[in-house]
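Residue-level listing of the chains:
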Amino acid sequence: MKQEIEQLLSAAVTRLTGTLLPTPPAAGTIVVERTRDSANGDFASNVAMRLAKGAGLPPRTLAQAIVDALPASPQVLRCEVAGAGFINFYLAGDAQAQVVRQVHELGDAFGRNASGAERKVIVEFVSSNPTGPLHVGHGRHGAFGASVANLLAANGWLVHREYYINDAGRQMDILAASIWLRYLEACGERFTFPANGYKGDYIRDIAANLLQRDGDTLQRPEGELFGNLPPDEPEGGDKDEYIDALIVRARSLIGEAGFRTVLDLGLAAILADIEQDLGEFGVTFDRWYSERSLADNGAIDRALHKLAQHDHVYEKDGALWFRATAFGDDKDRVVVRDNGVKTYFASDIAYHLDKRERGFDLLLDILGSDHHGYVARVRAGLDAMGEPGSSLEALLVQFVTLYRGGEKAQMSTRSGEFITLRELRNEVGNDACRFFYVMRGNDQHLDFDLELAKSRSNDNPVYYIQYAHARVASVLRQLESRGLAFDGAQGLDNLALLTTSHEAAVLTALDRYPEIIRLAADNRAPHALVHYLRELANSFHTYYNAEQFIVDDAALRNARLALVLAVRQVIRNGLTLLGVSAPDTM
RNA sequence: GCGCCCGUAGCUCAGACGGAUAGAGCAUCGGCCUUCUAAGCCGAGGGUCGCAGGUUCGAUUCCUGCCGGGCGCGCCA
C-alpha cells in the first residue's frame, strides 16, 4: 500500500516538473510514511516541504499543487494539506482489507521481495575456535547470524552460510597436548596438568575415546615427558613457555603423525559437538571452511604473492609486513613472523580473497565486538589485493550477560565453568533462546534473564506471540466442533465487512509486514521483526477480546476468519525467519 | 593517548532516510472469565531523549566539543 502511494506521488511530482518544479527531484526525495496519529490520515508525505525551497514556493502552496496533480486512485479516499505542508492520505474503506487477500494468495511467500536482486552474499558467523563447546555468547552469534541470513534470503539475496574453522595454529596444538595428557592419565600416568591446558571435562571424554580406539600405542612414561622442562606458572614460571615446550616434547615423543592423530580426533569430536549443538538450535551452514586448507592448498601464499606483486609488503626486523597504513589502517601488519610462521592475519586476508574469488558480492562477517579493530585491517588487505574493501561488512555483536532473577550468572553452578549454549537451551528451550537472542540490536549489550526466558507467563514475549498463533488454531478447532467450516471464497468476497476499529488495527499491522521484512534486512536488524510481531500479536489479542469471530452471519464470520487466518500466516512467516516455532496449541 | 559501540520512563529497550502530541514490555495502581485458550484484554500514573553549542522552517535523529559506561589498540588466535 505504501508503495502504491509513493507511485501516485511520484506521478504527481513528475507532472509538475518543468512548470512549478525546476528540476526532477533527486532519488529518495519522495517518501511516504505511516502516520502515528490517525487524525492525520493513514499515510503522509513531507515531499512538498523538501521541494519547497528549490521551487521558491511556500510549502503549503506546493503541497496543494501536488495534491491537485495526483492521479485518481480507487485506494485513496481523499488527501489534504496539513500542518507545515504535509500531504495526508486517507485510504478508501476497503482498500486496507485487500492485504488479507494477498496473504491468502501468497501464503508462506507473503512478505518476500526481490530487492536483493539475486546478489550473492556470504554470511560468516559463529566461527568459534574448535577447542571446546559453544557458550552463551556464541549462541547470540548463531541466532543473530541465522536470522540475518534468513532475512536477506527473504529479500531476494542468494545467501551462503559459512562457519570458518580456526583449525590451524597454536590453540590447536594446545588442544592436542591437553587431550594427550588426559589420555596418559587414563593410561595410569600421574602428573600435574599444565596451567594453560584445556581443563574441561570434554577433553577427558575425547581422551577416553582415543584410548578405546588406539589402545596404549601413544602411551609414554611421564618421566620422559616432563624431564628438563621450564617451570609452569604455579612454580613461578611462564605458562605459555611451559606449554609450548610441552608441545615440542610431545611431538618428539609420539612423532608428528602421532600428534596429528590426537589433534584430528579432538578436532573432529569438538566440531561434531558444535555442529550438533547448532543444528538442534536451528542454525545450519552451507559450508564449514577449514583455515588449515588455506595453507594446504597454497591460498595464503597466493594472497601474499598478490600483495607483493603490487608492492604492498616490505621486510623489517626479519619479518614480512603488509603496508596497511597505505589503505587506511592504523598501523602496518606483520604477515610472516621472523620465525617464518605466517600470522593469523595472513590467513584472514587469504580467506576473504577466496570469498571474493568465489563470486560473492557482499561479505558479511558477524563478529564479537572485541574484534572491531580487525575490520579495517581486512578491508585494507582486500583493497591492496585489488578487491573492494567495501564489499566487507562487519556486524559487531555485543556481549551477553546472563542473569538469574537479577543476579549475574555467567558460570554454571554444576561445573563452575562458563555456561554452555547447550545448558542454556536445555534450561529455557530453543524457542525462547532464539527469540531472546535477537530481541535487541546487535550493537546493544544483551541482558539475558534466565528466569524471564523460562517463565510461562505474560512476562515472556515469545509466548505472547506464539499464543496469538495458537489461539487462531484454537478458533478453527472450535469452528469444527460446532460443525462449521471456513469458506475462504466467501470470506475474501466480504472483506468490506471488516469495519471495526480493532479490525482496522489488525489490517494495518498485516499491511506493514512486507515493509518490516525489507527494513529488517536492509538494516540487518532482526529485532525490528521481533518488535513488529509483538505489535501484530497485540492487535490480534485485542481484537480477540473485543469481538467474536464465530458468529451466525456466515458472510461476516468467514470474513473475520479470513482475517485471523491471515494473522496466523504472517506470525508463522515471521517466526520462521527468526527460527522460532509456531505451535497450534499451548 | 587513539579507534569502535552505547547513554531515551523506576528497570530492560524500540524509535531507518531529520517531521506533527517521543513509544513498548516489565514493575506500580485500578478494572474484565456462564461467551472462540486469562500464557489474554482495558485503563491510570511515570520523560529537561547524558550535558553544551552548531546546521535547519523543524533535531531524540545530522555535525562539533565535553561527561559517563563497554570493548579494542601484539611478530596472540
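First, a word on what this report is: a plain description of the structure on this page.

Rules used in this analysis
- Residues numbered from 1 in each chain as written.
- Chains lettered and ligands numbered in written order.
- Predicted model: local features only at pLDDT ≥ 70, side-chain atom pairs only at ≥ 80, totals over all residues.
- Heavy atoms only, no water.
- Pairing = 2+ DSSP bridges.
- Helix = DSSP H or I, 4+ residues; strand = E, 2+ residues; numbered from the N terminus.
- Contact = heavy atoms within 4.5 Å.
- Axes fitted to C-alpha atoms, helices over the stretch in contact; angles between N-to-C directions.
- Phe/Tyr/Trp six-rings, centres within 6.5 Å; stacked < 30°, edge-to-face > 60°.
- Buried < 20%, exposed > 50% of the residue type's maximum accessible area, 1.4 Å probe, protein only.
- Salt bridge = Lys/Arg side-chain N within 4 Å of Asp/Glu carboxyl O.
- Right-handed = clockwise from strand over helix to strand, strands pointing away.
- Expected span 1.5 Å × (residues − 1).
- Bend = angle between axes of the 7 residues up to and from the residue.
- Polar contact = N/O pair within 3.5 Å; in protein donor to acceptor, adjacent residues only side chain to side chain.
- Core = buried A, V, L, I, M, F, W, Y, C linked by side-chain atoms within 4.5 Å.
- Arc of directions from axis to C-beta.

Thoughts on the sheet that holds strand S15 (residues 446–449)
Item 1. Strand order in the open sheet formed by 3 strands is S14-S13-S15, with mixed pairing between adjacent strands. Of all the strands in the sheet, just strand S14 (407–408) and S15 have a single pairing partner and so form its edges.
Item 2. With 2 bridges connecting them, strand S13 (residues 400–404) and S14 associate as antiparallel partners. Bridging from a neighbouring strand, Arg404 pairs with Glu407 of S14.
Item 3. Packing against the sheet, helix H15 (residues 430–437) makes contact with S13 and S15, and its axis sits at approximately 160 degrees to S15.

Description of the packing of aromatic side chains
Item 1. Inspection of every chain in the model, using the stated rule, returns 20 aromatic pairs.
Item 2. Judged by centre distance (5.1 Å) and plane angle (40 degrees), the rings of Phe191 and Phe226 are tilted. Of this pair, Phe191 sits in the loop between helix H6 (170–186) and helix H7 (201–214) while Phe226 sits in helix H8 (residues 222–226), and the two are 35 residues apart along the sequence.
Item 3. Judged by relative accessible area, Phe191 falls into the buried class, the value being 17%.
Item 4. In this structure Phe226 comes out as buried when scored by relative accessible area, which is 19%.
Item 5. Seen from their ring centres, Phe436 and Phe448 are 5.4 Å apart, and the 35 degrees between their planes marks the pair as tilted. Of this pair, Phe436 sits in helix H15 while Phe448 sits in strand S15, placing them 12 residues apart in sequence.

Some remarks on the pattern of salt bridges
Item 1. Under the definition given, this model contains 28 salt bridges.
Item 2. Residues Arg518 and Asp522 are paired through a salt bridge, measuring 3.0 Å at the closest nitrogen-oxygen approach. Placement of the pair is Arg518 and Asp522 together in helix H19 (residues 501–522), with a separation of 4 residues, close to one helical turn.

Re the sheet that holds strand S1 (residues 32–34)
In a beta sheet, neighbouring strands are held together by backbone hydrogen bonds and run either parallel or antiparallel to one another.
Item 1. Strands sit in the order S1-S2-S4-S3 across an open sheet of 4 strands; the sheet is antiparallel. Of all the strands in the sheet, the pair left with one neighbour each is S1 and strand S3 (76–82). The mean inter-strand angle of the sheet, taken between neighbouring strand axes irrespective of direction, is 25 degrees.
Item 2. Direction of pairing for S3 relative to strand S4 (residues 86–91): antiparallel, over a ladder of 6 bridges. The residue of S4 that forms the bridge with Ala82 is Phe86.

Let's talk about the environment of Thr217
Item 1. If you trace the backbone, Thr217 turns up in the loop between H7 and H8.
Item 2. The exposure class assigned to Thr217 is exposed, which follows from its relative accessible area of 54%.
Item 3. It is 9.3 Å that separates the C-alpha atoms of Thr217 and Gly258, two residues lying 41 residues apart in sequence.

Points about the pairing of strand S11 (residues 362–368)
Item 1. Across the 7 residues of S11, 7 count as buried, placing the element largely inside the fold.
Item 2. Sheet topology note: the strand S5 (residues 120–124)/S11 ladder contains 4 bridges and is parallel. Looking at S11, one finds that Val121 is bridged to Leu362.
Item 3. With 6 bridges joining them, S11 and strand S12 (residues 392–397) adopt parallel strand pairing. Residue Leu367 lies in a different strand from S12, and its bridge partner there is Leu396.
Item 4. Taking the sense of rotation as the criterion, the β-α-β connection linking S11, helix H13 (residues 373–384) and S12 turns out right-handed.

Let's talk about helix H9 (residues 239–280)
Item 1. Taking 1.5 Å as the rise per residue, H9 with 42 residues should run 62 Å; its terminal C-alpha atoms sit only 37 Å apart, a clear shortfall.
Item 2. Along H9, the sharpest kink reaches roughly 110 degrees, centred on Gly255.
Item 3. Its side-chain oxygen placed 2.8 Å from the backbone nitrogen of Asp240, Asp238 serves as the N-cap of H9.
Item 4. Phi for Gly282, located one or two positions after H9, is positive at around 80 degrees.

Side note on the nonpolar core
Soluble globular proteins tend to pack their nonpolar side chains together in the buried interior.
Item 1. Of all hydrophobic cores here, the largest spans 131 residues; its most connected members are Val100, Trp180, Tyr437, Phe448, Leu510 and Leu529.
Item 2. The element that contributes the greatest number of residues to this core is H9, accounting for 16 residues.
Item 3. Ignoring anything within four residues of it in the chain, the contact list for Phe448 reads Val400, Thr401, Leu402, Tyr403, Leu424, Val428, Cys433, Phe436, Tyr437 and Ala453.
Item 4. With 31 residues, the next largest nonpolar core counts Ala346, Leu363, Val375 and Leu382 among its residues.

Concerning the side chain of Asn442
Item 1. Mapped onto the elements, Asn442 comes out in the loop between H15 and S15.
Item 2. The exposure class of Asn442 is buried, given its relative accessible area of 13%.
Item 3. A polar contact of 2.9 Å, which involves the side chain of Asn442, links it to the backbone oxygen of Leu396.

Some points on helix H11 (residues 299–309)
Item 1. For H11, every residue scored as buried is listed here: Ala299, Ile300, Ala303, Leu304 and Leu307. Buried residues in H11, looked at end-on, bunch into an arc of 135 degrees, giving them a common side. In this structure, H11 carries His305 and Gln309 as exposed residues pointing more than 90 degrees from its buried face.
Item 2. Buried residues along H11 sit in contact with helix H10 (291–296), strand S8 (313–316), strand S9 (319–322), strand S10 (333–336), helix H12 (344–357) and H13.
Item 3. Following H11 by one or two positions, Asp311 adopts a phi angle in the positive range, close to 65 degrees.

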